Amino acid sequence: MAKTLAEKILSKHSGKDLTAGDYAVCAVDFMLATDATAPIAIKSWREMGGEQISHPEKMVLVLDHATPCPNQKIAALHSLMRSFAAEHAIKLYEVGDGVCHQLVLEDRLVKAGELVLGADSHTCTYGALGAMSCGVGATDLAATMLTGKSWFRVPETIRIDLTGNFAPHVYAKDVILHIVGQLGSNGALYKSVEFYGEILDELELSSKATLCNMAVEMGAKNCFICDATTNISSDHDALFSETIQIDLSTIAPMVAKPHTVDNVEQVQSLEKTIINQGFIGSCTNGSLADLKIAANILSGGKIASGVRLLVSPASKKILIAAIKDGTIEILLDAGATLLTPGCGPCVGTHNGIPGDGENVISSTNRNFTGRMGNNKANVYLASPATVAASVLAGWITSSGEANL
Amino acid sequence: MILNGNVLKYGNNINTDVIIPGKYTKTLDLSELASHAMEDLDENFSQRLKNGDFVVGGDNFGCGSSREQAPLALKYAGVGCVVAKSFARIFFRNCINIGLPLIVCDTDFIADGDRLKYQLGANILRNETQKCSYDLQEFSQVMVKVMLAGGLINYLKNNNGEL
């Protein structure tokens with residue numbers, strides 16, 4: 001019987017012939033946890049009677065959510081992770097190495113067709129490499145650390161066909177914001193999402209990762225990029241719960257307004273909304289390509305008076321490359337403040353907490369009340385290009401007229 | 001086990017960031033975690049909540065982060081059960097895994113302050129205030145087993161470490 005990618009991969013990993021709606025226990029190829037989730041995962045694993053990690057070579061721990069460590073309590077959690085990793089021969093990424101999802105992508109820790117669990121909701125990012133990767137909670141991950149397996153409900157699949165070409169000043173972030181706006185925050189609840197389209201072959205990995213990364217913002221379990229690089233696809237007569245066509249040429253620069261990710265509008269309709277802070281970084285948009293796009297817009301200019309711009313490259317490798325090619329200097333000259341590669345500002349743990357009543361324009365993935373650490377601040381989500389253009393102007397604007 | 005409690009009613013898309021803000025999640029101190037539950041959504045939550053009460057939402061309850069600290073904060077604050085029309089998938093799994101009972105049913109007519117009664121594992125939810133019952137969405141066998149065991153840790157211990 002014809003199968004979707006999710007049906008194929010979960011069938012292969014369970015040894016059973018599965019279709020959407022079935023439940024199965026599957027072998028997991030790779031797993032990951034961060035300083036936001038690993039401490040509870042370790043605690044749960046010990047309470048389960050854990051003594052040896054089922055496959056330590058298939059696991060990584062990443063210090064990225066609160067790095068460098070902001071206080072004594074979190075320091076104890078970081079120490080716990082370091083000693084646990086050493087004791088069980090698990091690879092640990094240290095403070096400053098980068099955001100977990102970027103590290104998995106640039107170190108190619110997963111492959112197409114693999115089944116991956118990460119104790120972080122944006123684990124769905126690795127669909128850009130063709131893996132079926134799903135976010136789970138800490139205790140779920142603990143069970144996989146113990147058994148090498150997890151239970152899965154086989155998801156239905158939404159197929160999204162991208163046609164046409166990007167309009168000027170439009171990026172992958174605008175496309176996924178448009179799609180989240182169209183489908184809503186529960187539009188892909190429990191589902192697998194598959195992206196198709198010739199345009200995918202022309203995109204950098206970082207853009208494909210941006211598309212997959214935010215699939216969870218419409219409730220998806222995972223997301224696949226089906227192009228020549230990943231070389232994966234559903235069977236041609238597989239059953240999809242929904243098939244959606246997106247003509248890229250009709251998409252303008254987009255913004256998600258406070259306080260939900262599906263509250264999406266064209267940048268044009270928000271022009272002149274005053275901003276106090278911009279942020280470029282995170283697992284969604286902290287790539288070298290993203291930093292260069294921003295630097296291109298900011299080159300020779302100065303950010304508006306009274307506005308801060310924070311930049312956190314998504315990894316140390318990106319930071320080094322951006323120092324070498326002059327990108328960082330351009331950003332700093334324009335008035336940016338450089339932060340350690342990590343998650344900090346996006347998740348409101350530390351670094352760049354906005355003030356009461358302030359507006360932030362951010363290249364990140366969530367704008368929920370309190371997301372950046374202050375429940376009286378407003379977060380607008382946009383592409384790095386729109387963030388850069390907005391900090392120059394002092395209000396929300398895109399880097400050029402889209403004329404759509 | 002029979003759960004009895006009053007309803008604290010909220011809307012659609014209650015996200016994990018308002019259930020427990022990210023700035024409080026990096027801790028293993030569950031009572032401290034619980035003290036911040038829902039504070040960005042309802043500043044009177046901790047005064048209103050009595051032990052065993054039902055938190056009731058609409059669609060897509062628990063959307064957002066994978067943080068297990070969200071259901072843990074609710075559980076250790078004293079929430080007895082979470083009821084919604086639908087749940088975000090990671091939050092759903094997390095509730096079952098940590099032994100916080102949850103129910104999927106139509107919640108449109110459940111009002112703030114209603115008295116609910118639920119026998120864990122049963123297929124109806126009783127509203128004692130409105131003298132009516134609601135049909136519940138059935139869960140898969142594996143979810144029911146983990147929920148009745150009180151969570152995934154107990155389930156694995158009872159099952160010799162096998163899923």
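Because the structure is a prediction, the values reported are computed rather than measured. (Residues numbered from 1 in each chain as written. Chains lettered and ligands numbered in written order. Predicted model: local features only at pLDDT ≥ 70, side-chain atom pairs only at ≥ 80, totals over all residues. Heavy atoms only, no water.)

> Teacher, can you tell me more about the overall build of chain B here?
Within chain B, the regular secondary structure consists of 7 helices and 7 strands. When the helices and strands of chain B are placed in sequence order, the string is β-α-α-α-β-α-β-α-β-β-β-β-α-α. Counting only C-alpha atoms, chain B reaches 45 × 35 × 25 Å along its principal axes. Taking all 163 residues of chain B together, the buried fraction comes to 60%. Pairs at least 24 apart in sequence give 64% of the contacts found in chain B among residues at least 6 apart. A total accessible area of about 6,300 Å² is found for chain B, and carbon and sulfur atoms account for 44% of it. Looking at chain B, you have 16 positive and 18 negative side-chain charges, and the mean spots of the two groups are 4 Å apart. (Helix = DSSP H or I, 4+ residues; strand = E, 2+ residues; numbered from the N terminus. Buried < 20%, exposed > 50% of the residue type's maximum accessible area, 1.4 Å probe, protein only. Contact = heavy atoms within 4.5 Å. Areas by Shrake-Rupley, 256 points an atom, 1.4 Å probe, with all protein chains shown as cover. Lys, Arg positive; Asp, Glu negative; His and termini not counted. Charge placed at Lys NZ, Arg CZ, Asp CG, Glu CD.)

> Mind showing me how you'd approach the interface of chain A and chain B here?
Between chain A and chain B, the contact holds 51 residues from the first and 42 residues from the second. Interface area, chain A with chain B, both sides summed: about 3,900 Å², of which 59% is carbon and sulfur. The three residues of chain A that bury the most area against chain B are A:Ile40, A:Trp151 and A:Tyr190, which together make up 17% of that side's buried surface. Here chain A and chain B share 3 salt bridges between them. Linking chain A to chain B there are 19 residue pairs in polar contact (both at pLDDT 80 or more). Every element with two or more residues in the side of chain A that touches chain B is listed here: β1 (23–27), α2 (38–47), α3 (72–88), β6 (132–135), α5 (138–147) and β7 (149–153) of chain A. Residue composition of the side of chain A that touches chain B, by class: 23 nonpolar, 18 polar and 10 charged. (Buried area = accessible area lost by both parts, 1.4 Å probe. Salt bridge = Lys/Arg side-chain N within 4 Å of Asp/Glu carboxyl O. Polar contact = N/O pair within 3.5 Å; in protein donor to acceptor, adjacent residues only side chain to side chain. Nonpolar A, V, L, I, M, F, W, Y, C, P; charged D, E, K, R; others polar.)

> Looking at this structure, how should I read the nonpolar core?
Where a protein is soluble and globular, its nonpolar side chains tend to be buried together. In terms of nonpolar packing, the biggest core is built from 98 residues, with B:Phe45 and B:Leu125 touching the most fellow members. A total of 6 residues in this core trace back to one element, the largest contributor, which is α5(A). Contact partners of B:Leu125, with chain neighbours within four places excluded, come to B:Phe54, B:Val83, B:Ile103, B:Cys105, B:Ile110, B:Leu116, B:Lys117, B:Tyr118, B:Cys132, B:Ser133, B:Tyr134 and B:Leu136. A:Val116, A:Ala167, A:Val360 and A:Phe368 belong to the second-largest nonpolar core, a separate cluster that totals 58 residues. (Core = buried A, V, L, I, M, F, W, Y, C linked by side-chain atoms within 4.5 Å.)

> What am I meant to see in the sheet that holds strand β6 (residues 124–127) of chain B here?
Hydrogen bonds along the backbone pair up the strands of a sheet, which may run parallel or antiparallel. Residue and element names in this part refer to chain B. One open sheet holds the 7 strands; their spatial order is β4-β3-β2-β1-β5-β6-β7, and the pairing between them is mixed. With one partner strand each, in any of the chains shown, β4 (102–104) and β7 (132–135) form the two edges of the open sheet. With direction set aside, neighbouring strand axes in the sheet form an average angle of 30°. (Pairing = 2+ DSSP bridges. Axes fitted to C-alpha atoms, helices over the stretch in contact; angles between N-to-C directions.)

> Can you help me understand the packing of helix α6 (residues 172–183) of chain A against helix α7 (residues 205–213) of chain A in this one?
All names here are of chain A. Contact pair α6 / α7: the axes reach a minimum separation of 9 Å and the direction vectors enclose 15°. Taken together, α6 and α7 sit at an angle that is classed as roughly parallel. Here α6 and α7 pass one another in a crossing that is right-handed. Taking contact as the criterion, the partners of Ala172, Lys173, Val175 and Ile176 in α6 are, on α7, Ser207, Thr210 and Leu211. Classifying every residue of the contact of α6 with α7 gives 4 nonpolar, 2 polar and 1 charged. (Parallel < 35°, antiparallel > 145°, perpendicular 65-115°, else oblique. Left-handed = near helix turned anticlockwise from the far one by under 90°.)

> What exactly am I supposed to notice about the packing of helix α4 (residues 69–77) of chain B against helix α5 (residues 89–98) of chain B here?
To characterise two packed helices, one gives the angle between the axes of the helices and the distance between these axes. Residue and element names in this part refer to chain B. Closest axis-to-axis distance for the α4/α5 pair is 9 Å, and the angle between their directions is 50°. Taken together, the axes of α4 and α5 lie oblique to each other. Crossing geometry of α4 relative to α5 is assigned as right-handed. In this structure, α4 uses Ala70, Pro71, Leu72, Leu74 and Lys75 to contact α5, whose residues at the interface are Phe91, Asn94, Cys95 and Ile98. Residue composition of the contact of α4 with α5, by class: 7 nonpolar, 1 polar and 1 charged.

> What's the story with α5(A) in this structure? I'm lost.
One turn of an α-helix holds 3.6 residues; hence residues three or four places apart share an orientation. Of all 10 residues that make up α5(A), 10 are buried, and the element is covered over most of its length. Looking at α5(A), one finds that the buried residues are A:Ala138, A:Thr139, A:Asp140, A:Leu141, A:Ala142, A:Ala143, A:Thr144, A:Met145, A:Leu146 and A:Thr147.

> How should I be thinking about the sheet that holds strand β2 (residues 30–34) of chain A in this particular structure?
All names here are of chain A. Judged by pairing direction, the sheet is parallel, and its 5 strands sit side by side in the order β4-β3-β2-β5-β6 without closing on themselves. The strands lining the two open edges of the sheet, one partner per strand, are β4 (91–93) and β6. Across the sheet, the mean angle separating the axes of adjacent strands is 20° when strand polarity is ignored. In this sheet, strand β5 (residues 115–119) lies alongside β2 in parallel orientation, the contact comprising 4 bridges. Across the sheet, the residue bridging to leucine 32 is glycine 118, located in β5.

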